[in-house]
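# Structural features, examined
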Number of protein chains: 2
Amino acid sequence: MARWQPHAPERLAVAALELFEERGYENTTVIEIAERAGLTKSTFFRHFQDKREVLFGRGSMTDLLAKGIAGAPAGAAPLEAVACALDLVGQEAFTPERREFAARRRTVIAGHPELQEREALKGLALVASMTDALRRRGVPGLTACVATELGALAMKIAYEGWSGTTGGADFGTRARQALGDIRAATALC
Amino acid sequence: MARWQPHAPERLAVAALELFEERGYENTTVIEIAERAGLTKSTFFRHFQDKREVLFGRGSMTDLLAKGIAGAPAGAAPLEAVACALDLVGQEAFTPERREFAARRRTVIAGHPELQEREALKGLALVASMTDALRRRGVPGLTACVATELGALAMKIAYEGWSGTTGGADFGTRARQALGDIRAATALC
DNA sequence: CACGGTGATGAGACTTGGTCCCATCACCGT
DNA sequence: ACGGTGATGGGACCAAGTCTCATCACCGTG
């Protein structure tokens, strides 16, 4: 019995990702995931709210983004504060050693609406967190919304590029590049 | 037995909304919804993919938005094409007689993460549909993304205002107003 | 009017996600 | 050696969702 080995949540996440890749999300039961990790269904649901969450539990991106915006230089414009937040995410979360895992995870999610649904909800939480953080800097409501929305788009573009290619630029520089392109594109709308 | 009465999907949707308001989403079973509509669980799942979908099945907003963008004047800028699409939505979908139902539905959704998740996914589909429609007009990819994202924000703001107040401006004018404000806000980012 | 085809419905078995309660086991300090 | 604490295993239980088959209403035809 593999009881009391540490890192149960991580073992469950790895087992889940492997099984989802092997037989697909919907052909994998929670019991099978738990068994591969040497645990049981009870323990799975003790660590994760539901079956989808096993791919999303890692780190609270919302806090990271809020912290990044709060820590931006005092005179920084809204979009510059967002860029600081994306830099922080690149340093703390989307690090090179997590790239491969992120890529595999992204492929699995792309193939299952149920998982895309969860990702979309997480995205809403990120947007809300960034908007709140900007408001706390004194940015007016609508301006904060717009800056956040553009920042979220930059984050999505940078994430796809970063996770989709081996080597190349790191997440932070990709995000800054995307933000610059987006800023230029707003003039053409 | 209430067999063979018409409009089964609509009866199910009304019954579901009533029950969700009375006892909450998670305290309502699919069997109870079906019974109130004079039907059974089998029939419920024949009309709706799952329990959440009973609040979202109505009309395909994606087609409406795509049609609105495709039908915009030839020389219209991306954001102007988006405004045309939002006008069309205001005329065809968010009509005054559907306002009350929309408001009740919005309140229920706001109280349950499971429903917000579905709504977030529907939102992604709307964004994808609008972006594709803009690209078919020859708008470059990134510009289309930005215009769509700003349009989605305007749609959200207009929808909240329209469904949240009795009387007042209709959806289309609210959307155009929001789009103007957003355009002004982009200059402050 | 009888008949058969079609399509929507009812009924119920079945799998799985998810909750809950309780017994069990390992670790740790005394 | 002993007891407390916290994570785990086990199993009952409910609801979501799938599947199959029987049933019923409607409609056209002879």
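Looking at an unreviewed UniProt entry, one finds chain A named Helix-turn-helix domain-containing protein and attributed to Amycolatopsis samaneae.

## Considerations on the overall build of chain A
A count of helical and extended segments in chain A gives 9 helices and 0 strands. For chain A, the sequential pattern of α-helices and β-strands runs α-α-α-α-α-α-α-α-α. Along the three orthogonal principal directions, the C-alpha set of chain A runs to about 60 × 30 × 25 Å. When each of the 189 residues of chain A is scored for burial, the buried share is 49%. In chain A, once contacts between residues fewer than 6 apart in sequence are set aside, the share between residues at least 24 apart is 65%. Counting every atom, chain A has about 9500 Å² of accessible surface; 53% of that belongs to carbon and sulfur. Between the centroid of the 24 positive side chains of chain A and the centroid of its 23 negative side chains there is a distance of 3 Å.

## Description of the packing of aromatic side chains
Residues and elements named next belong to chain A. For the coordinates displayed, the defined rule picks out 16 aromatic pairs over all chains. Between Phe20 and Tyr25, the ring centres sit 5.0 Å apart and the planes meet at 65 degrees, which makes this aromatic pair edge-to-face. Of the two residues examined, Phe20 and Tyr25, each falls in the buried class. Centroid distance Phe94 to Trp162: 5.2 Å. Interplanar angle 25 degrees. Geometry classified as stacked. With a gap of 68 residues between them, Phe94 in the loop between α5 (78–92) and α6 (99–110) and Trp162 in helix α8 (residues 141–164) connect regions that are remote in the sequence.

## Brief notes about the domain arrangement of chain A
Residue and element names in this part refer to chain A. By domain assignment, chain A separates into domain 1 (8–54) and domain 2 (59–188). Spacing between the C-alpha centres of domain 1 and domain 2 amounts to 28 Å. Summing both sides of the interface, domain 1 and domain 2 together bury roughly 1000 Å²; the carbon and sulfur share of this comes to 58%. When the buried area of domain 1 at its contact with domain 2 is split by residue, Leu17, Tyr25 and Arg52 rank highest and sum to 55% of it. Across the contact surface, domain 1 and domain 2 share 5 salt bridges. Residues Lys122 and Glu53 are paired through a salt bridge, measuring 2.7 Å at the closest nitrogen-oxygen approach. Applying the counting criterion to the domain 1 and domain 2 interface returns 7 residue pairs in polar contact (both at pLDDT 80 or more).

## Regarding the nonpolar core
Counting residues in hydrophobic clusters, the biggest one holds 82 residues, and the most contacted among them are Met61, Leu65, Leu86, Phe94 and Phe171 of chain A together with Leu86 and Phe171 of chain B. When near neighbours in sequence (up to four residues on either side) are disregarded, Leu86 of chain A contacts Leu65, Gly151, Ala154, Met155, Phe171, Ala175 and Leu179 of chain A.

## Digging into the environment of Arg99 of chain B
One can find Arg99 of chain B in helix α6 (residues 99–110). A sequence separation of 86 residues divides Arg99 of chain B from Ala13 of chain B, and the C-alpha atoms of the two residues are 16 Å apart.

## Concerning the side chain of Thr143 of chain A
With respect to the element layout, Thr143 of chain A can be found in helix α8. With near-sequence residues (within four places) excluded, Thr143 of chain A lies in contact with Pro78 of chain A together with Ala185, Leu188 and Cys189 of chain B.

Scoring rules and cut-offs
- Residues numbered from 1 in each chain as written.
- Chains lettered and ligands numbered in written order.
- Predicted model: local features only at pLDDT ≥ 70, side-chain atom pairs only at ≥ 80, totals over all residues.
- Heavy atoms only, no water.
- Helix = DSSP H or I, 4+ residues; strand = E, 2+ residues; numbered from the N terminus.
- Buried < 20%, exposed > 50% of the residue type's maximum accessible area, 1.4 Å probe, protein only.
- Contact = heavy atoms within 4.5 Å.
- Areas by Shrake-Rupley, 256 points an atom, 1.4 Å probe, with all protein chains shown as cover.
- Lys, Arg positive; Asp, Glu negative; His and termini not counted.
- Charge placed at Lys NZ, Arg CZ, Asp CG, Glu CD.
- Phe/Tyr/Trp six-rings, centres within 6.5 Å; stacked < 30°, edge-to-face > 60°.
- Domains from an automatic or database assignment.
- Buried area = accessible area lost by both parts, 1.4 Å probe.
- Salt bridge = Lys/Arg side-chain N within 4 Å of Asp/Glu carboxyl O.
- Polar contact = N/O pair within 3.5 Å; in protein donor to acceptor, adjacent residues only side chain to side chain.
- Core = buried A, V, L, I, M, F, W, Y, C linked by side-chain atoms within 4.5 Å.

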